[in-house]
Amino acid sequence: MKRVLRAPRPRVFRACTEAEELAKWWGPAGFTCPSIELDVRVGGRYRIAMLPPDGELFYLTGEFREVDPPARLVYTFVWEDPDPDDQENVVALSFRDLGGSTEVDFSQGPFATEARRALHEGGWTDGFERLQEVMSAAARQE
């Protein structure tokens, strides 16, 4: 999946690595993140609490494998108390400077089932739309 965001690469990278910024856009539409713990360094861990609009709080966690600001971010992804079809996978984000905009190249996998891949694809699609809204709002305030 690729997205072009109308924001400079360092700003987009910060939105993916600072808890306060990540909480503004992370997850599918309607979800909130009541708490985010990030130790953004190779070997550092993270834990994100997610709250769906009509559901119960759940968590995802993982470990950072690559941190190369503002160009690349790679980490493992696993749900706490996973669905039987879930397995730990790897998220990779590359950020390419387009002169005022940033191309984000995203991948995640492997998945145990097509249904779980589709669930994540939908969540990331919503999340990237929310991230663009956050980036656009920040640009208007400048």
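Preceding this paragraph is the structure being described.
Rules used throughout
Residues numbered from 1 in each chain as written. Predicted model: local features only at pLDDT ≥ 70, side-chain atom pairs only at ≥ 80, totals over all residues. Heavy atoms only, no water. Pairing = 2+ DSSP bridges. Helix = DSSP H or I, 4+ residues; strand = E, 2+ residues; numbered from the N terminus. Axes fitted to C-alpha atoms, helices over the stretch in contact; angles between N-to-C directions. Contact = heavy atoms within 4.5 Å. Parallel < 35°, antiparallel > 145°, perpendicular 65-115°, else oblique. Left-handed = near helix turned anticlockwise from the far one by under 90°. Nonpolar A, V, L, I, M, F, W, Y, C, P; charged D, E, K, R; others polar.

Undergrad: Please clarify how the sheet that holds strand β3 (residues 45–51) should be interpreted in this entry.
TA: Whenever strands of a sheet pair, they do so through backbone hydrogen bonds, lying parallel or antiparallel. In spatial order, the strands read β1-β7-β6-β5-β4-β3-β2; together these seven strands make up an open sheet with antiparallel pairing. Where the open sheet ends on each side, the last strands, each with one partner, are β1 (2–5) and β2 (32–38). Taking each pair of neighbouring strands and ignoring which way they run, the sheet shows an average axis angle of 25 degrees. By the bridge criterion, five bridges tie β2 to β3 in an arrangement that is antiparallel. Directly across from E37, in β3, lies its bridge partner R47. Each of β1, β2, β4 (58–68), β5 (72–79), β6 (89–97) and β7 (102–109) touches helix α1 (residues 9–17); the most contacted strand, β6, lies at about 160 degrees to it.

Undergrad: Is there a simple way to think about the packing of α1 against helix α3 (residues 114–141) in this case?
TA: Helices that pack against each other are described as a pair by the angle of their axes relative to one another and the distance between those axes. α3 packs onto α1 with a crossing angle of 125 degrees between their chain directions and a minimal axis gap of 11 Å. In terms of orientation, α1 and α3 fall into the oblique class. Taken as a pair, α1 and α3 cross one another with a handedness that is right-handed. Facing R11, V12 and A15 of α1, the residues of α3 in contact are L131, M135, A138 and A139. When its residues are assigned to classes, the contact of α1 with α3 shows six nonpolar, no polar and one charged.

Bear in mind that shape data such as this cannot, by itself, settle questions of function.
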